[in-house]
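# Descriptive structure summary
If you want the building blocks of each chain, they are given just below.
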Amino acid sequence: MSTATSTGSKELSAVSTESLAALLVAKERPARPSALSTSLTFGWRAILKIKHVPEQLFDVTAFPIMNLLMFTYLFGGALAGSPSDYIQFVLPGILVMSVVMITMYTGVSVNIDIEKGVFDRFRSLPIWRPSAMIGYLLGDALRYTIASVVMLVVGLVLGYRPDGGFGGAVAGIALLLLFSFAFSWIWTMFGLMLRTEKSVMSVSMMVIFPLTFLSNVFVDPKTMPGWLQAFVNNSPITHLASSVRGLMAGEWPGGEIAWTLGWAGALLLVFGPVTMRLYNRK
Amino acid sequence: MSTHTSGLAIETAGLVKTFGETRAVDGVDLAVPAGTVYGVLGPNGAGKTTTVKMLATLLRPDGGQAHVFGHDVVREADEVRSRVSLTGQYASVDEDLTGTENLVLLGRLLGHGKTAARQRGEQLLEAFGLTDAAAKQVKHYSGGMRRRIDIAASILNTPDLLFLDEPTTGLDPRSRNQVWDIVRAVVAQGTTVLLTTQYLDEADQLASRIAVIDKGRVIAEGTKGELKASVGAGSVHLRLRNADQRPEAERLLRDLLTAEVQLEPDPVALTARLAAAASDTAADHAAKALGELARAGITVDSFSLGQPSLDEVFLALTGHDTGQATGDATGTGPDTDTKDEVAA
């Protein structure tokens, strides 16, 4: 470059137009990658982001531990006689609540990507359209797994003893991850729909708080007023918490699991297409 | 390459996009020949980015038609996507990832294997002078480096058509020149480039044809020469030794060149704008005028003959200036073609 003569050491190296030209000569294009391959590549991106910004794991480690300690010792004595008795009941519930709560960060990540400008590049690529969205969810699945394992370990330290053993715990967590994957499409929709990160956050809070608290996560719904029981007993979170609780206790709550899977399917069928419609039309 | 025969990379007819009440793009017709740099010039909010987004399949047009290499941007969006690449402030790379990771990510998404994606990424980083920054997160890059990695990400597969949406906005003059070199290298290999810019000298430097766009409409289209000829043949700029002689010089020039003469703020300077009809003989006329001035005893200290700037073109076409702060860099000197400095 003629302009880059009196350069100091911190100057950018010059662009080599010769080697650039040599690179551009190659016109052949590889075959279009499969849907699975692009989804996994986007999942890899999510993992790279965790690697570069490990602080974002705070919400899947410290937050769930805090929840667990807080609710176990706050309510334990009053509700179940002692914290160690209560934790047998509440740990699967808090596991469900915490993981479902952190799903809302998916919407925030989608929104940040739109804001930062990387999103339209992905949208302009000739790839299977939902793979970018699935990539977020694959990365998030890793975060949910970390959160679940952390809580389970802390729970074991505090005296939680799952009767279902290792197998029961794994089955419970697997069901939780499956439900969270389907549930997250609500947040991808909001992430695409709302203008700012803040509004995504506040709308998510408005949905997630009533939904997780108005359930059987903390207490048996029998003491609630009838109208609230009607809501709580039919909430997907209640079905999920009962399923996870049952699986971890070594039971097979078939009905609850069927309800949970039904809800997951319904959420995916409704919010998946809405998300993709917004993604394509944005 | 494409299978169609018209030789046009982009063809639009009556393209419209509305946002609520605003008609951001209001009936745009474009015909972009393949293998050239085509400039779309206009101020902020003219509808340039909206047009590009429709052509790159990111926005659905509300009316009209657009074809890229003969493929409809709505019905054959995937065909279009496999031929085009896009660089703009909104189509960037992931700030949290490193330069290498970004290129490998996009390489994988374009179907390269792990090794091939990494190799191509490294070669591009090297060609763009970014090898030292390859392992740094993009958020720590300077503006110039940022634009390079954006463009590198757009040519992982050599595209048939590259959209560069305001590629030098916010860059310092040196980085800007380097981006221009990249654009020239890309187009030299047969890629068509659609360049949007609000900088008149940028379109002048790079584009072979230019569409001037204002308020969502194309208000002029043609080669640089045609656009400039539409506002006159250029201008003669003079500096006299003696300010007292300026009124007489002004009268002489007006008579000799049948030109509009403008007195500059500098009391010894004046500019004569030549009429369009005189474009072939502008130099002869100017020489003759110099002779006459000498005969009348008027001493000329300096003299230059220049083509009209695109700034003047824009002003003449729209009746308002571009509204950009770049006006003084491109507008004051009549000899833009010989200028080296660029707008900040």
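In this text the structure is predicted, and so the values were computed from the model without any measurement.

## Re the overall build of chain A
For chain A, the helix and strand inventory stands at 13 helices and zero strands. Reading the helices (α) and strands (β) of chain A from amino to carboxyl end gives α-α-α-α-α-α-α-α-α-α-α-α-α. When burial is assessed residue by residue, chain A has 41% of its 282 residues classed as buried. Summarising the internal contacts of chain A: among those between residues at least 6 apart in sequence, 78% fall at separations of at least 24.

## A word on the environment of W227(A)
All names here are of chain A. Relative to the assigned elements, W227 resides in helix α11 (residues 226–234). With 8 C-beta atoms counted inside 10 Å, the residue W227 sits in the exposed group. A sequence separation of 27 residues divides W227 from G254, and the C-alpha atoms of the two residues are 26 Å apart.

## A short note on the pairing of strand β12 (residues 260–263) of chain B
Direction of pairing for β12(B) relative to strand β13 (residues 269–274) of chain B: antiparallel, over a ladder of four bridges. Opposite E260(B), over in β13(B), you have R273(B) as the bridge partner.

## Digging into the interface of chain B and chain A
Opposite the 47 residues of chain B that make contact, chain A presents 40 residues. Sorting the residues of the side of chain B that touches chain A by element identifies α2 (77–81), α3 (99–109), α4 (114–127), α5 (143–154) and α6 (173–188) of chain B as the ones contributing at least two each. In terms of residue class, the side of chain B that touches chain A is built from 20 nonpolar, 15 polar and twelve charged.

## A look at the packing of helix α2 (residues 35–52) of chain A against helix α7 (residues 131–158) of chain A
Each packed pair of helices is defined by two parameters, the angle between the axes and the distance between the axes. Residues and elements named next belong to chain A. Between α2 and α7, the least distance of the axes is 7 Å, while the angle of their chain directions is 50°. Accordingly, the angle class assigned to the pair α2 and α7 is oblique. When you trace α2 past α7, the crossing you get is right-handed. Residues A35, T38, S39, F42, G43, R45, A46, I47 and I50 of α2 lie in contact with α7, whose contacting residues are S131, A132, I134, G135, Y136, L138, G139 and L142. A breakdown of the residues in the contact of α2 with α7 according to their chemical character gives ten nonpolar, six polar and one charged.

## Some remarks on the sheet that holds strand β8 (residues 192–197) of chain B
By definition, the strands of a sheet pair up through backbone hydrogen bonds, in either a parallel or an antiparallel sense. All names here are of chain B. Read across the open sheet, the six strands follow the order β6-β7-β8-β3-β9-β10; overall the sheet is mixed. A single partner strand is all that each edge strand has here, and the edge strands are β6 (84–87) and β10 (217–223). Averaged over all pairs of adjacent strands, the angle between their axes in this sheet comes to 15°, without regard to strand direction. Bridging between strand β7 (residues 161–165) and β8 involves five bridges; their strand directions are parallel. Its bridge partner being in β8, L164 is matched across the sheet by L195. Across the sheet, α5 lies against β6 and β7, angled at about 170° from β6, the strand it touches most.

## A few points about the domain arrangement of chain B
Per the domain assignment, the segments of chain B are domain 1 (8–228) and domain 2 (232–307). The straight-line distance from the C-alpha centre of domain 1 of chain B to that of domain 2 of chain B is 42 Å.

## Examining the sheet that holds β12(B)
All names here are of chain B. What the four strands build is an open sheet, ordered β12-β13-β11-β14; its pairing is antiparallel. This sheet does not close on itself; its edge strands, each paired only once, are β12 and β14 (300–306). The sheet shows a mean angle of 20° between the axes of neighbouring strands, taken without regard to direction. Contacts from helix α9 (residues 246–257) reach β11 (234–240), β12 and β13 within the one sheet, and its direction differs from that of β13 by about 10°. Its contacts with the sheet put helix α10 (residues 282–295) on β11, β13 and β14, and the angle it makes with β14 is roughly 165°.

Rules used throughout
Residues numbered from 1 in each chain as written. Chains lettered and ligands numbered in written order. Predicted model: local features only at pLDDT ≥ 70, side-chain atom pairs only at ≥ 80, totals over all residues. Helix = DSSP H or I, 4+ residues; strand = E, 2+ residues; numbered from the N terminus. Buried ≥ 20, exposed ≤ 12 C-beta atoms within 10 Å, placed from the backbone. Contact = placed C-beta atoms within 7 Å. Pairing = 2+ DSSP bridges. Nonpolar A, V, L, I, M, F, W, Y, C, P; charged D, E, K, R; others polar. Axes fitted to C-alpha atoms, helices over the stretch in contact; angles between N-to-C directions. Parallel < 35°, antiparallel > 145°, perpendicular 65-115°, else oblique. Left-handed = near helix turned anticlockwise from the far one by under 90°. Domains from an automatic or database assignment.

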